[in-house]
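# An overview of the molecular structure
Each chain is listed here by its residues.
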Amino acid sequence: MPNWLYLHGFKSGPGSLKVSETRDYLATHQPDTTLLCPALSPYPAQALQQAARLIESLSEKPLLIGSSLGGFYATALAERYGLKAVLINPSVRPFDHFSAFGGEQINPYNGEHFILGDADRQALQQMFVATPQAARYWLVQGSHDEILDWREAVRHYRGCRMTVLNGDDHRLARWSEMLPALLASQWTED
């Protein structure tokens, strides 16, 4: 049974709309695929460790799907474990924008309060993949991402399979349009 591992973004969770759309699509069109989406820790080192433990526990290599900060984590894990990953509006260098995460934060999905510090910024820097192997990735990017500069991801993942959705935002409202192509694609197979 194939596994897809969805890594949600910062202050998101397993109940996000993209996760629900993906789960519903798979249930209808490929019910033998399991979609895993753990509630990741807000602390980067712990989040990456959670996802790594899950990958190591699986009998088959999963396809990674990472959204926003989850795309950053998916890149680190794809390189570490030799996996393929679909990146949805990925954060490329979150440590460069870390000041925006200062102070107390609240995850709206689970109500968790947390404060990120310099150790978390350093953990993100250590995870950074400067030169991702293009064959591993499919970048799905909205050209009107109001949170991240979409051009940064296009530059960073140059050479990979890429779909830029003109006018779509950080939420990527057209994500569900990508699911048939992802499911039908030979790209997901080794």
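Rules of the game
Residues numbered from 1 in each chain as written. Predicted model: local features only at pLDDT ≥ 70, side-chain atom pairs only at ≥ 80, totals over all residues. Heavy atoms only, no water. Buried < 20%, exposed > 50% of the residue type's maximum accessible area, 1.4 Å probe, protein only. Helix = DSSP H or I, 4+ residues; strand = E, 2+ residues; numbered from the N terminus. Pairing = 2+ DSSP bridges. Right-handed = clockwise from strand over helix to strand, strands pointing away. Polar contact = N/O pair within 3.5 Å; in protein donor to acceptor, adjacent residues only side chain to side chain. Contact = heavy atoms within 4.5 Å. Core = buried A, V, L, I, M, F, W, Y, C linked by side-chain atoms within 4.5 Å. pLDDT = per-residue confidence, 0-100. Axes fitted to C-alpha atoms, helices over the stretch in contact; angles between N-to-C directions.

Among the five residues that make up strand 1 (residues 3-7), five are buried, leaving the element largely enclosed by the rest of the structure. Judged from the three bridges that link them, strand 1 and strand 2 (residues 34-36) form a sheet pairing that is parallel. The residue of strand 2 that forms the bridge with Trp4 is Leu35. The β-α-β motif built from strand 1, the intervening helix 1 (residues 17-29) and the parallel element strand 2 has right-handed crossover chirality. Taken together, the four bridges between strand 1 and strand 3 (residues 63-67) define a ladder with parallel strand orientation. Paired with Trp4 across the two strands is Leu63, which belongs to strand 3.

Following the sequence through the fold, His8 ends up in the loop between strand 1 and helix 1. Judged by its relative accessible area of 4%, His8 is buried. A polar atom in the side chain of His8 sits 2.9 Å from the backbone nitrogen of Leu40. If we ignore the near neighbours within four places in the chain, the residues touching His8 are Gly13, Pro14, Cys37, Pro38, Ala39, Leu40, Ser67, Leu69 and Gly70.

All right, on to the nonpolar core then. One finds Leu7, Leu64, Tyr73, Leu77, Leu124, Met127 and Tyr157 to be the most contacted residues of the largest nonpolar core, which totals 33 residues. When residues of this core are traced back to their parent elements, those giving at least two are strand 1, helix 2 (44-57), helix 3 (69-81), strand 4 (85-88), helix 4 (118-127) and strand 7 (137-142). Judged by nonpolar contacts, the second largest core, of 20 residues, contains Tyr25, Ile65, Val86 and Leu179.

To continue, consider the side chain of Ser41. Within the element layout of this structure, Ser41 appears in the loop between strand 2 and helix 2. By relative accessible area, Ser41 is classed as buried at 15%. In this structure the side chain of Ser41 is engaged in a polar contact, spanning 3.0 Å, whose partner is the side chain of Gln46.

Attention now goes to the confidence of the model for the chain. On average, residues of the chain score 91 in pLDDT, and 96% of them are at 70 or above. No element of the chain has a lower mean pLDDT than strand 5 (residues 104-106), at 86, and none a higher one than helix 3, at 98.

A few words now on the sheet that holds strand 1. Strand order in the open sheet formed by six strands is 2-1-3-4-7-8, and the pairing between neighbours is parallel. Edge positions in the sheet fall to strand 2 and strand 8 (161-165), since each has one partner strand and no second. Ignoring which end each strand starts from, the neighbouring axes of this sheet average 15 degrees apart. In this fold helix 1 packs onto strand 1, strand 2, strand 3 and strand 4, with an angle of close to 170 degrees to the strand it touches most, strand 1. Its contacts with the sheet put helix 6 (residues 175-184) on strand 1, strand 3, strand 4, strand 7 and strand 8, and the angle it makes with strand 7 is roughly 160 degrees.

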